Amino acid sequence: MDGSGRGPGREAWRLGKGGDVPSRRQDARVRSALAERSHGLIRPGRYSSLRAAMHESKRAPRGERSRGRTHLGTVVHPDAVVRREDSMPEVAKKILAVHFRRMEANERGTRKGEDIERLHDMRVAVRRMRTSARIFGPFLDRDDLRPFVRELRVLGRVLGPVRDMDVMLAHARGFRETIPSREQVDLDALLRDWQKERARLQERLVAHLESSGYRRFRRDFPAFLGDASAGVPLPVAKDGSVRAALLSHDGAVVLYERLAAVRAYEGWVEGDDVPLRRYHRLRIEVKRLRYTLEFLSDVAGPEAEPLIASYKAVQDHLGEMREAWMTADLIERDYLPHAHGDPKAAGRPGVAAYLASRRAHCEELRKSFPEVWAAVTSREAHRRIAAIAASF
(Lines give C-alpha, C1' and ligand atoms only; values in the text may rest on other atoms or scores of the structure.)
Protein backbone atom coordinates (compact mmCIF):
# COMPACT_ATOMS: atom_id res chain seq x y z
CA MET A 1 0.00 0.00 0.00
CA ASP A 2 1.29 3.48 -0.79
CA GLY A 3 0.54 6.71 1.00
CA SER A 4 -2.75 7.15 -0.83
CA GLY A 5 -4.05 3.84 0.43
CA ARG A 6 -3.98 2.25 -3.03
CA GLY A 7 -2.32 -1.07 -3.72
CA PRO A 8 0.72 -1.44 -5.95
CA GLY A 9 0.01 -0.27 -9.44
CA ARG A 10 1.27 -1.57 -12.72
CA GLU A 11 4.41 0.51 -12.47
CA ALA A 12 5.33 -1.07 -9.12
CA TRP A 13 4.93 -4.55 -10.56
CA ARG A 14 7.00 -3.64 -13.59
CA LEU A 15 9.79 -2.13 -11.54
CA GLY A 16 10.05 -5.26 -9.43
CA LYS A 17 10.30 -6.13 -5.79
CA GLY A 18 13.46 -4.15 -5.24
CA GLY A 19 11.79 -0.89 -6.24
CA ASP A 20 14.36 0.06 -8.87
CA VAL A 21 13.13 3.63 -9.12
CA PRO A 22 15.83 5.68 -10.83
CA SER A 23 17.83 7.90 -8.51
CA ARG A 24 19.12 11.34 -9.38
CA ARG A 25 22.55 9.88 -9.99
CA GLN A 26 21.30 7.69 -12.80
CA ASP A 27 21.68 9.24 -16.20
CA ALA A 28 18.85 10.12 -18.54
CA ARG A 29 19.13 6.86 -20.49
CA VAL A 30 18.57 4.74 -17.39
CA ARG A 31 15.62 6.87 -16.26
CA SER A 32 14.10 6.73 -19.73
CA ALA A 33 14.60 2.98 -20.00
CA LEU A 34 13.05 2.34 -16.59
CA ALA A 35 10.08 4.42 -17.65
CA GLU A 36 9.75 2.36 -20.83
CA ARG A 37 9.74 -0.88 -18.83
CA SER A 38 7.34 0.44 -16.19
CA HIS A 39 4.81 1.41 -18.90
CA GLY A 40 5.26 -1.76 -20.91
CA LEU A 41 6.87 -0.04 -23.90
CA ILE A 42 9.66 -2.57 -24.39
CA ARG A 43 8.44 -5.00 -27.02
CA PRO A 44 9.10 -8.75 -26.75
CA GLY A 45 12.05 -9.92 -28.78
CA ARG A 46 13.75 -6.53 -28.71
CA TYR A 47 17.03 -5.96 -26.89
CA SER A 48 15.99 -4.22 -23.70
CA SER A 49 16.86 -0.53 -23.67
CA LEU A 50 17.02 -0.84 -19.89
CA ARG A 51 19.78 -3.41 -20.19
CA ALA A 52 21.61 -1.26 -22.72
CA ALA A 53 21.35 1.71 -20.40
CA MET A 54 22.60 -0.31 -17.44
CA HIS A 55 25.60 -1.32 -19.53
CA GLU A 56 26.40 2.29 -20.29
CA SER A 57 26.21 3.34 -16.65
CA LYS A 58 27.80 0.25 -15.05
CA ARG A 59 30.35 -0.93 -17.58
CA ALA A 60 33.86 -1.54 -16.30
CA PRO A 61 36.69 0.90 -16.88
CA ARG A 62 38.45 0.57 -20.23
CA GLY A 63 41.46 -1.19 -18.76
CA GLU A 64 39.30 -3.82 -17.06
CA ARG A 65 37.12 -4.32 -20.14
CA SER A 66 40.19 -5.11 -22.18
CA ARG A 67 40.94 -7.95 -19.75
CA GLY A 68 37.37 -9.21 -19.86
CA ARG A 69 36.43 -8.27 -16.28
CA THR A 70 33.08 -7.14 -14.97
CA HIS A 71 31.90 -5.31 -11.87
CA LEU A 72 30.39 -8.37 -10.25
CA GLY A 73 29.82 -6.62 -6.96
CA THR A 74 27.50 -4.09 -8.55
CA VAL A 75 25.65 -5.97 -11.27
CA VAL A 76 25.38 -9.64 -10.28
CA HIS A 77 22.70 -10.59 -7.77
CA PRO A 78 24.37 -9.97 -4.37
CA ASP A 79 22.24 -12.40 -2.33
CA ALA A 80 22.97 -16.09 -2.88
CA VAL A 81 20.62 -17.52 -0.23
CA VAL A 82 17.42 -19.05 -1.63
CA ARG A 83 14.35 -18.54 0.57
CA ARG A 84 10.79 -19.85 0.51
CA GLU A 85 9.41 -16.33 0.13
CA ASP A 86 11.60 -15.53 -2.91
CA SER A 87 9.88 -15.06 -6.23
CA MET A 88 10.76 -17.65 -8.86
CA PRO A 89 12.60 -15.05 -10.99
CA GLU A 90 14.65 -14.17 -7.90
CA VAL A 91 15.47 -17.82 -7.34
CA ALA A 92 16.53 -18.20 -10.96
CA LYS A 93 18.79 -15.16 -10.86
CA LYS A 94 20.38 -16.07 -7.53
CA ILE A 95 21.31 -19.53 -8.75
CA LEU A 96 22.58 -18.28 -12.10
CA ALA A 97 24.63 -15.56 -10.38
CA VAL A 98 26.37 -18.05 -8.07
CA HIS A 99 27.52 -20.21 -10.95
CA PHE A 100 28.38 -17.25 -13.17
CA ARG A 101 30.85 -16.18 -10.48
CA ARG A 102 32.30 -19.68 -10.36
CA MET A 103 32.61 -19.77 -14.13
CA GLU A 104 34.43 -16.45 -14.13
CA ALA A 105 36.70 -17.45 -11.24
CA ASN A 106 37.99 -20.39 -13.31
CA GLU A 107 38.24 -18.66 -16.67
CA ARG A 108 41.85 -17.50 -16.37
CA GLY A 109 43.09 -20.96 -15.41
CA THR A 110 41.06 -22.46 -18.24
CA ARG A 111 42.65 -20.10 -20.76
CA LYS A 112 46.15 -21.02 -19.57
CA GLY A 113 45.38 -24.72 -19.92
CA GLU A 114 47.85 -25.73 -17.22
CA ASP A 115 45.45 -26.97 -14.54
CA ILE A 116 42.80 -29.32 -15.91
CA GLU A 117 40.71 -28.90 -12.76
CA ARG A 118 40.16 -25.23 -13.59
CA LEU A 119 38.64 -26.24 -16.90
CA HIS A 120 36.59 -28.91 -15.16
CA ASP A 121 35.24 -26.41 -12.64
CA MET A 122 34.41 -23.90 -15.37
CA ARG A 123 32.59 -26.58 -17.33
CA VAL A 124 30.60 -27.62 -14.24
CA ALA A 125 29.61 -24.00 -13.61
CA VAL A 126 28.42 -23.62 -17.20
CA ARG A 127 26.57 -26.92 -17.01
CA ARG A 128 24.81 -25.84 -13.83
CA MET A 129 23.81 -22.54 -15.39
CA ARG A 130 22.37 -24.40 -18.37
CA THR A 131 20.45 -26.70 -16.06
CA SER A 132 19.13 -23.85 -13.92
CA ALA A 133 18.08 -21.97 -17.06
CA ARG A 134 16.16 -25.04 -18.21
CA ILE A 135 14.48 -25.57 -14.84
CA PHE A 136 13.82 -21.98 -13.80
CA GLY A 137 13.90 -20.29 -17.21
CA PRO A 138 10.12 -20.64 -17.67
CA PHE A 139 9.72 -18.14 -14.82
CA LEU A 140 11.69 -15.50 -16.77
CA ASP A 141 10.93 -13.77 -20.04
CA ARG A 142 11.91 -16.19 -22.78
CA ASP A 143 13.11 -13.53 -25.21
CA ASP A 144 15.30 -11.85 -22.60
CA LEU A 145 16.87 -15.13 -21.51
CA ARG A 146 17.33 -16.74 -24.94
CA PRO A 147 20.64 -15.08 -25.99
CA PHE A 148 22.28 -16.06 -22.71
CA VAL A 149 21.09 -19.66 -22.97
CA ARG A 150 22.43 -19.76 -26.52
CA GLU A 151 25.88 -18.64 -25.39
CA LEU A 152 25.87 -21.12 -22.50
CA ARG A 153 25.14 -23.88 -25.01
CA VAL A 154 28.08 -22.80 -27.16
CA LEU A 155 30.31 -22.66 -24.09
CA GLY A 156 29.30 -26.19 -23.20
CA ARG A 157 30.23 -27.36 -26.69
CA VAL A 158 33.72 -25.89 -26.58
CA LEU A 159 34.49 -26.82 -22.96
CA GLY A 160 33.09 -30.37 -23.06
CA PRO A 161 35.41 -31.96 -25.66
CA VAL A 162 38.52 -30.58 -23.93
CA ARG A 163 37.41 -32.02 -20.59
CA ASP A 164 36.50 -35.35 -22.20
CA MET A 165 39.96 -35.53 -23.73
CA ASP A 166 41.57 -34.74 -20.34
CA VAL A 167 39.68 -37.65 -18.76
CA MET A 168 40.61 -40.02 -21.59
CA LEU A 169 44.27 -39.05 -21.45
CA ALA A 170 44.47 -39.42 -17.68
CA HIS A 171 42.93 -42.88 -17.75
CA ALA A 172 45.03 -44.07 -20.70
CA ARG A 173 48.21 -42.91 -18.98
CA GLY A 174 47.24 -44.79 -15.86
CA PHE A 175 46.55 -47.94 -17.91
CA ARG A 176 49.93 -47.60 -19.65
CA GLU A 177 51.71 -48.17 -16.34
CA THR A 178 50.05 -51.58 -15.98
CA ILE A 179 51.14 -53.15 -19.29
CA PRO A 180 54.46 -54.54 -20.64
CA SER A 181 56.98 -52.14 -22.22
CA ARG A 182 56.29 -53.37 -25.79
CA GLU A 183 52.62 -52.53 -25.40
CA GLN A 184 53.51 -49.22 -23.74
CA VAL A 185 55.45 -48.13 -26.84
CA ASP A 186 52.45 -48.89 -29.00
CA LEU A 187 50.07 -47.04 -26.69
CA ASP A 188 52.39 -44.03 -26.67
CA ALA A 189 51.50 -43.34 -30.31
CA LEU A 190 47.83 -43.13 -29.37
CA LEU A 191 48.62 -40.83 -26.46
CA ARG A 192 50.59 -38.49 -28.74
CA ASP A 193 47.67 -38.31 -31.15
CA TRP A 194 45.25 -37.56 -28.34
CA GLN A 195 47.55 -34.89 -26.92
CA LYS A 196 47.63 -33.17 -30.31
CA GLU A 197 43.85 -33.32 -30.51
CA ARG A 198 43.63 -31.92 -27.01
CA ALA A 199 45.85 -28.98 -28.02
CA ARG A 200 43.65 -28.31 -31.05
CA LEU A 201 40.51 -28.32 -28.90
CA GLN A 202 42.18 -26.01 -26.37
CA GLU A 203 42.99 -23.53 -29.14
CA ARG A 204 39.37 -23.61 -30.27
CA LEU A 205 38.21 -23.02 -26.70
CA VAL A 206 40.55 -20.05 -26.16
CA ALA A 207 39.50 -18.56 -29.50
CA HIS A 208 35.89 -18.64 -28.35
CA LEU A 209 36.73 -17.09 -24.99
CA GLU A 210 38.33 -14.21 -26.92
CA SER A 211 35.41 -13.82 -29.31
CA SER A 212 33.08 -10.83 -29.38
CA GLY A 213 30.13 -13.09 -28.61
CA TYR A 214 31.65 -14.32 -25.36
CA ARG A 215 32.77 -10.83 -24.36
CA ARG A 216 29.22 -9.62 -24.95
CA PHE A 217 27.90 -12.43 -22.77
CA ARG A 218 30.39 -11.56 -20.01
CA ARG A 219 29.17 -7.97 -20.14
CA ASP A 220 25.41 -8.47 -20.57
CA PHE A 221 24.64 -11.45 -18.38
CA PRO A 222 25.79 -9.88 -15.06
CA ALA A 223 23.73 -6.77 -15.88
CA PHE A 224 20.68 -8.94 -16.55
CA LEU A 225 21.14 -10.82 -13.28
CA GLY A 226 21.68 -7.65 -11.30
CA ASP A 227 18.65 -5.82 -12.70
CA ALA A 228 15.68 -6.74 -10.49
CA SER A 229 13.14 -6.06 -13.24
CA ALA A 230 14.90 -7.51 -16.30
CA GLY A 231 13.15 -10.56 -17.65
CA VAL A 232 10.49 -10.58 -14.93
CA PRO A 233 6.97 -11.17 -16.27
CA LEU A 234 3.90 -9.50 -14.80
CA PRO A 235 2.25 -11.54 -12.03
CA VAL A 236 -1.17 -10.90 -13.56
CA ALA A 237 -1.82 -12.24 -17.05
CA LYS A 238 -3.78 -10.37 -19.71
CA ASP A 239 -6.87 -12.43 -18.96
CA GLY A 240 -6.72 -11.39 -15.30
CA SER A 241 -5.46 -14.69 -13.93
CA VAL A 242 -2.74 -14.55 -11.30
CA ARG A 243 0.40 -16.59 -11.87
CA ALA A 244 2.06 -18.59 -9.11
CA ALA A 245 5.06 -16.44 -8.36
CA LEU A 246 6.89 -17.64 -5.24
CA LEU A 247 9.14 -20.59 -4.47
CA SER A 248 6.62 -21.60 -1.82
CA HIS A 249 4.07 -21.93 -4.66
CA ASP A 250 6.18 -23.67 -7.31
CA GLY A 251 9.07 -25.34 -5.48
CA ALA A 252 7.30 -28.68 -5.02
CA VAL A 253 6.09 -28.63 -8.63
CA VAL A 254 9.61 -28.07 -9.96
CA LEU A 255 10.98 -30.86 -7.78
CA TYR A 256 8.31 -33.39 -8.75
CA GLU A 257 8.74 -32.59 -12.45
CA ARG A 258 12.40 -33.52 -12.21
CA LEU A 259 11.61 -36.64 -10.18
CA ALA A 260 9.03 -37.72 -12.77
CA ALA A 261 11.62 -37.37 -15.54
CA VAL A 262 13.92 -39.77 -13.66
CA ARG A 263 11.21 -42.24 -12.64
CA ALA A 264 10.11 -42.49 -16.27
CA TYR A 265 13.14 -44.77 -16.78
CA GLU A 266 11.97 -47.33 -14.23
CA GLY A 267 11.50 -50.55 -16.15
CA TRP A 268 13.53 -49.27 -19.11
CA VAL A 269 17.11 -49.64 -17.82
CA GLU A 270 16.94 -53.16 -16.45
CA GLY A 271 18.17 -56.22 -18.35
CA ASP A 272 21.07 -56.96 -20.69
CA ASP A 273 19.78 -55.37 -23.89
CA VAL A 274 19.50 -51.73 -22.79
CA PRO A 275 20.97 -49.35 -25.40
CA LEU A 276 23.99 -47.51 -24.04
CA ARG A 277 22.57 -44.16 -25.13
CA ARG A 278 19.53 -44.72 -22.93
CA TYR A 279 21.83 -44.83 -19.92
CA HIS A 280 23.26 -41.52 -21.07
CA ARG A 281 19.82 -39.91 -21.30
CA LEU A 282 19.01 -41.20 -17.81
CA ARG A 283 22.26 -39.71 -16.53
CA ILE A 284 21.19 -36.28 -17.81
CA GLU A 285 17.85 -36.50 -16.00
CA VAL A 286 19.49 -37.71 -12.78
CA LYS A 287 21.94 -34.84 -13.00
CA ARG A 288 19.10 -32.33 -13.38
CA LEU A 289 17.29 -33.72 -10.36
CA ARG A 290 20.48 -33.70 -8.29
CA TYR A 291 21.23 -30.10 -9.31
CA THR A 292 17.67 -29.06 -8.46
CA LEU A 293 18.08 -30.43 -4.94
CA GLU A 294 21.41 -28.63 -4.61
CA PHE A 295 19.99 -25.37 -5.96
CA LEU A 296 17.20 -25.50 -3.38
CA SER A 297 19.24 -26.94 -0.50
CA ASP A 298 18.83 -23.73 1.54
CA VAL A 299 15.14 -24.60 1.83
CA ALA A 300 15.36 -28.40 1.56
CA GLY A 301 17.80 -28.65 4.47
CA PRO A 302 19.67 -31.79 5.63
CA GLU A 303 16.90 -34.08 4.32
CA ALA A 304 18.32 -33.54 0.84
CA GLU A 305 21.90 -34.59 1.61
CA PRO A 306 21.52 -38.41 1.37
CA LEU A 307 19.42 -37.99 -1.77
CA ILE A 308 22.03 -35.79 -3.40
CA ALA A 309 24.71 -38.37 -2.53
CA SER A 310 22.62 -41.20 -4.05
CA TYR A 311 21.89 -39.29 -7.24
CA LYS A 312 25.55 -38.33 -7.55
CA ALA A 313 26.51 -42.01 -7.25
CA VAL A 314 24.16 -42.87 -10.13
CA GLN A 315 25.45 -39.94 -12.18
CA ASP A 316 29.10 -40.89 -11.59
CA HIS A 317 28.45 -44.56 -12.36
CA LEU A 318 26.76 -43.73 -15.66
CA GLY A 319 29.38 -41.11 -16.48
CA GLU A 320 32.15 -43.64 -16.06
CA MET A 321 30.22 -46.09 -18.22
CA ARG A 322 29.83 -43.46 -20.94
CA GLU A 323 33.53 -42.57 -20.85
CA ALA A 324 34.48 -46.25 -21.23
CA TRP A 325 32.24 -46.92 -24.20
CA MET A 326 33.08 -43.62 -25.93
CA THR A 327 36.79 -44.32 -25.59
CA ALA A 328 36.33 -47.83 -26.97
CA ASP A 329 34.27 -46.53 -29.89
CA LEU A 330 36.93 -43.91 -30.66
CA ILE A 331 39.72 -46.49 -30.63
CA GLU A 332 37.81 -48.85 -32.88
CA ARG A 333 36.97 -46.09 -35.32
CA ASP A 334 40.43 -44.51 -35.58
CA TYR A 335 42.93 -47.25 -34.72
CA LEU A 336 41.43 -50.73 -34.88
CA PRO A 337 38.38 -50.53 -37.14
CA HIS A 338 38.33 -54.33 -37.43
CA ALA A 339 39.80 -55.23 -34.07
CA HIS A 340 37.72 -58.35 -33.47
CA GLY A 341 39.58 -61.25 -35.09
CA ASP A 342 41.61 -59.03 -37.45
CA PRO A 343 45.34 -59.79 -37.85
CA LYS A 344 46.07 -56.02 -37.76
CA ALA A 345 45.15 -55.97 -34.08
CA ALA A 346 48.20 -58.09 -33.37
CA GLY A 347 50.34 -55.26 -34.71
CA ARG A 348 48.89 -52.81 -32.19
CA PRO A 349 49.16 -54.77 -28.94
CA GLY A 350 48.98 -51.76 -26.61
CA VAL A 351 45.98 -50.21 -28.34
CA ALA A 352 44.23 -53.59 -28.58
CA ALA A 353 44.80 -54.22 -24.87
CA TYR A 354 43.41 -50.81 -23.97
CA LEU A 355 40.37 -51.35 -26.18
CA ALA A 356 39.66 -54.69 -24.51
CA SER A 357 40.05 -53.08 -21.08
CA ARG A 358 37.59 -50.30 -21.88
CA ARG A 359 34.99 -52.71 -23.27
CA ALA A 360 35.29 -54.97 -20.25
CA HIS A 361 34.97 -52.06 -17.82
CA CYS A 362 31.88 -50.79 -19.57
CA GLU A 363 30.28 -54.21 -19.27
CA GLU A 364 31.17 -54.44 -15.57
CA LEU A 365 29.52 -51.09 -14.92
CA ARG A 366 26.44 -52.13 -16.84
CA LYS A 367 26.07 -55.29 -14.74
CA SER A 368 26.56 -53.47 -11.45
CA PHE A 369 24.19 -50.62 -12.31
CA PRO A 370 20.98 -52.15 -10.85
CA GLU A 371 22.41 -51.98 -7.33
CA VAL A 372 23.19 -48.26 -7.69
CA TRP A 373 19.85 -47.59 -9.39
CA ALA A 374 17.92 -49.27 -6.59
CA ALA A 375 19.12 -46.67 -4.09
CA VAL A 376 17.25 -43.87 -5.89
CA THR A 377 14.11 -45.82 -6.78
CA SER A 378 13.39 -47.09 -3.27
CA ARG A 379 10.37 -46.03 -1.20
CA GLU A 380 12.72 -44.36 1.26
CA ALA A 381 14.12 -42.13 -1.48
CA HIS A 382 10.59 -41.17 -2.56
CA ARG A 383 9.62 -40.47 1.05
CA ARG A 384 12.52 -38.07 1.37
CA ILE A 385 11.51 -36.28 -1.81
CA ALA A 386 7.96 -35.93 -0.46
CA ALA A 387 9.28 -34.49 2.82
CA ILE A 388 11.36 -31.93 0.94
CA ALA A 389 8.42 -30.97 -1.27
CA ALA A 390 6.33 -30.40 1.85
CA SER A 391 8.98 -28.00 3.20
CA PHE A 392 8.15 -25.46 0.51
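Conventions and cut-offs
- Residues numbered from 1 in each chain as written.
- Predicted model: local features only at pLDDT ≥ 70, side-chain atom pairs only at ≥ 80, totals over all residues.
- Heavy atoms only, no water.
- Helix = DSSP H or I, 4+ residues; strand = E, 2+ residues; numbered from the N terminus.
- Buried < 20%, exposed > 50% of the residue type's maximum accessible area, 1.4 Å probe, protein only.
- Contact = heavy atoms within 4.5 Å.
- Patch = residues over 30% accessible without salt bridge, like charges linked within 9 Å, V, L, I, M, F, W, Y side chains within 5 Å.
- Areas by Shrake-Rupley, 256 points an atom, 1.4 Å probe, with all protein chains shown as cover.
- Salt bridge = Lys/Arg side-chain N within 4 Å of Asp/Glu carboxyl O.
- Lys, Arg positive; Asp, Glu negative; His and termini not counted.
- Charge placed at Lys NZ, Arg CZ, Asp CG, Glu CD.
- Polar contact = N/O pair within 3.5 Å; in protein donor to acceptor, adjacent residues only side chain to side chain.
- Phe/Tyr/Trp six-rings, centres within 6.5 Å; stacked < 30°, edge-to-face > 60°.
- Lys NZ or Arg CZ within 6 Å of the ring centre and 35° of its normal.

**What to know about the overall build of the chain**
Inference 1: When its secondary structure is counted, the chain shows 17 helices and 0 strands.
Inference 2: Among the 392 residues that make up the chain, the fraction classed as buried is 46%.
Inference 3: Residue pairs at least 24 apart in sequence account for 75% of intrachain contacts in the chain once pairs closer than 6 positions are excluded.

**A few points about a positive patch on the surface**
Inference 1: A contiguous patch of positive charge, built from Arg130, Arg134, Arg150, Arg153, Arg157 and Arg281, is present on the exposed surface.
Inference 2: The topology assignment puts Arg130 in helix 8 (residues 116-136).

**Some remarks on the side chain of Arg358**
Inference 1: With respect to the secondary-structure elements, Arg358 resides in helix 16 (residues 349-377).
Inference 2: For Arg358, a relative accessible area of 2% puts it in the buried group.
Inference 3: Side chain to side chain, Arg358 and Glu323 meet in a polar contact 2.6 Å long.

**So, the pattern of salt bridges**
Inference 1: Taken as a whole and assessed by the stated rule, the structure comprises 29 salt bridges.
Inference 2: With a shortest N-O distance of 2.7 Å, Arg200 and Glu197 are connected by a salt bridge. Within this pair, Arg200 and its partner Glu197 are both found in helix 10 (residues 181-209), separated by 3 residues, close to a single helical turn.
Inference 3: Since its relative accessible area comes to 44%, Arg200 is described here as partly exposed.

**What to know about the packing of aromatic side chains**
Inference 1: Inspection of the entire model under this criterion finds 13 aromatic pairs.
Inference 2: Judged by centre distance (6.4 Å) and plane angle (55°), the ring pair of Phe136 and Phe295 falls under tilted. Note that Phe136 is positioned in helix 8 and Phe295 in helix 13 (residues 276-295), a separation of 159 residues in sequence. Each member of the pair, Phe136 as well as Phe295, is classed as buried.
Inference 3: Note on Tyr279 and Phe369: the rings are 5.5 Å apart at their centroids and 80° apart in plane angle, and the pair reads as edge-to-face. On the criterion of sequence distance, the pair formed by Tyr279 in helix 13 and Phe369 in helix 16 is long-range, its members being 90 residues apart. A single burial state applies to Tyr279 and to Phe369, both of which are buried.
Inference 4: These aromatic residues form a ring-pair network of at least three members: Phe100, Phe148, Tyr214, Phe217, Phe221 and Phe224.
Inference 5: When the ring centre of Phe224 is taken as reference, the NZ or CZ atom of Lys93 above it lies at 4.8 Å.

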